[in-house]
Amino acid sequence: MTYHRSGRLVGVIAAAVLVLPAAAACRAGSTPAAKASSAHGRLYAMSRALRIGVKNDQPGLSLADPTGTEYTGLDIDIAGAVATALHDKPVFQALVSNTRESMLLSGAVDLVVASYSISEERLKVIDFAGPYLIAGQAILVRADDKSIIGVDSLKDKITCGTVGSNSPARLAVKFGGSEDAKNPWGRTHLRLDAGYSECLQDLLNKKADAVSTDDSILAGYANSPKYRGRVRLLPERFTTHREYYGIGIAKGDHADIALINATLRQMIKDGRWEKIVRKNLGATAQQFLRPESRPSPPS
Ligand code: GLU
C-alpha cells in the first residue's frame, strides 16, 4: 500500500482501552452512509476523510516522496489497513515526535500512527489502540567510528534524539540519574532535533557521535540507499525496556479503539501483519517477528 510488554506495561495497555462488544462486531467495507449508529465510534461514523498524522522522514516506517504526497512504510501500511476498516482511504498529515499529542488534542488529525509508544505519561492526555509493533532502543553510529561499542561508550559522547521522544530520557536516566532529559549530563551530551533525519545529518556532519532511539527507526536509516554504508547500527538493544507502538486517538473514543484493535488482531492472525513487517523492515524483520515480539492488542 503506497497511498498517500514489561509487566508494568500490561497494566498500561489494559487501562488504554475499554472494549465495547458492539463496536468490535462492526465490519470493514460498509459505506460511510451506512455507518452512523450509536454503537459505532465517532471516526467510523464521520462523513469527511480520516486524517492520520504520520512521520515523513523515517525510511521503512514512514517516508514521504520528494513531492510530499506519496507515503510508504510499515506505519503507512498499518494506517491504511486500519483506515479501511474504520472509515475510508486516509489523508496523511506530516508531524514530528513533539507534535503528536498536540495535533490529536487540537483535532488537526484524527489518529496518529508515528512510531508512537504507549506510555503512562501520554495516556494522561490521549488514548491508544494497539500495540502493533514492539521495538527496543538501540544506537546508530558513523560506519567508520569504532570508538562506540555499546551504550557505556555514550557517556562522553554527543547523542542525538528528538524533542518529544521517549528515547533521550532513557540515556539521561542512565547517565544523569533523573527522568529529566535536561539534567546536567543531558545538557552536555544530548542533542535534540525536531526529526530523526536531522539527527542523521548531524551524525554525518559530526555535530553528534550517535543517534539513539527505537531499532525499528534506526534500522530503516541503516538499510536505506541514502545512508547505507555511511552509518552502522550497533547489534544490540541496550535496555530491556520495550517500546509498544500504539495508534494515538482522542481520549474516550472507546468504540473506535475496539474496532481498530479487532482489525489489528485479525491482521496478526491472518498473516497480513507479518507480510507488512517483512515488506517494510527487510533484513531486520525477523527481530520483530519472534514469538515474544508479536504484539497482541487487547480484545
Ligand atoms: N517510540 C519512541 C516514542 O514514541 C521513539 C520514537 C519517536 O519519537 O518517534 O517516543
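Everything here concerns the structure above.
Residues numbered from 1 in each chain as written. Predicted model: local features only at pLDDT ≥ 70, side-chain atom pairs only at ≥ 80, totals over all residues. Heavy atoms only, no water.

**Focus on unusual backbone geometry**
Here's step 1: Cis rather than trans, the peptide bond between Gly 130 and Pro 131 has omega equal to 15 degrees.
Here's step 2: Locating Pro 131 in the fold gives a position in strand E7 (residues 127–142).
Here's step 3: The phi dihedral of Ser 115 falls on the positive side, at around 40 degrees, and the residue is not glycine.
Here's step 4: Residue position: Ser 115 is located in the loop between strand E6 (111–112) and helix H6 (120–123).
Here's step 5: Positive phi, normally seen in glycine, also occurs at Lys 206, with a value near 65 degrees.
Here's step 6: Looking at the secondary structure, you find Lys 206 in the loop between helix H9 (196–204) and strand E10 (210–214). (Helix = DSSP H or I, 4+ residues; strand = E, 2+ residues; numbered from the N terminus.)

**Details of the environment of Arg 278**
Here's step 1: Positionally, Arg 278 belongs in helix H12 (residues 272–281).
Here's step 2: For Arg 278, a relative accessible area of 42% puts it in the partly exposed group.
Here's step 3: Along the primary structure Arg 278 and Leu 74 are separated by 204 residues, whereas in three dimensions their C-alpha atoms are 9.2 Å apart.
Here's step 4: Excluding its chain neighbours within four sequence positions, the residues that come into contact with Arg 278 are Ala 285, Gln 286 and Leu 289.
Here's step 5: Within the structure, Arg 278 has its side chain in polar contact with the side chain of Gln 286 (distance 3.4 Å). (Buried < 20%, exposed > 50% of the residue type's maximum accessible area, 1.4 Å probe, protein only. Contact = heavy atoms within 4.5 Å. Polar contact = N/O pair within 3.5 Å; in protein donor to acceptor, adjacent residues only side chain to side chain.)

**Description of the packing of helix H4 (residues 74–86) against helix H11 (residues 254–270)**
Here's step 1: Where H4 contacts H11, the axes come no closer than 10 Å and their chain directions differ by 120 degrees. Taken together, the axis directions place H4 and H11 in an arrangement best described as oblique. Crossing geometry of H4 relative to H11 is assigned as right-handed. On H11, the residues that touch Ile 78, Ala 81, Val 82, Ala 85 and Leu 86 of H4 are Asp 256, Leu 259, Ile 260, Thr 263, Leu 264 and Met 267.
Here's step 2: For the contact of H4 with H11, the per-class residue count stands at nine nonpolar, one polar and one charged. (Axes fitted to C-alpha atoms, helices over the stretch in contact; angles between N-to-C directions. Parallel < 35°, antiparallel > 145°, perpendicular 65-115°, else oblique. Left-handed = near helix turned anticlockwise from the far one by under 90°. Nonpolar A, V, L, I, M, F, W, Y, C, P; charged D, E, K, R; others polar.)

**Quick word on the sheet that holds strand E2 (residues 57–58)**
Pairing between sheet strands relies on hydrogen bonds along the backbone, with the strands arranged either parallel or antiparallel.
Here's step 1: Sheet architecture is open: three strands sit in the order E2-E3-E4, paired in antiparallel fashion. Each edge of the open sheet is held by one strand with a lone partner, namely E2 and strand E4 (71–72).
Here's step 2: Sheet analysis places strand E3 (residues 62–64) next to E4, joined by two bridges and oriented antiparallel. Across the sheet, Ala 64 pairs through a bridge with Tyr 71, a residue of E4. (Pairing = 2+ DSSP bridges.)

**With respect to the site of the ligand**
Here's step 1: Around the ligand, the structure places 18 residues, and the nearest of them are Lys 55, Ser 97, Ser 117, Asn 166 and Asp 214.
Here's step 2: Judged by its atoms lying within 2 Å of the grid points, the ligand is housed in the largest cavity.
Here's step 3: If you list the elements that add at least two residues to the shell around the ligand, you get E10 and strand E12 (242–249). (Near = heavy atom within 4 Å. 1 Å grid on protein atoms, 1.4 Å probe; cavity = no way out; pocket = protein on both sides within 12 Å on 5 of 7 lines; lining within 4 Å. Sits in = over half its atoms within 2 Å of the grid points.)

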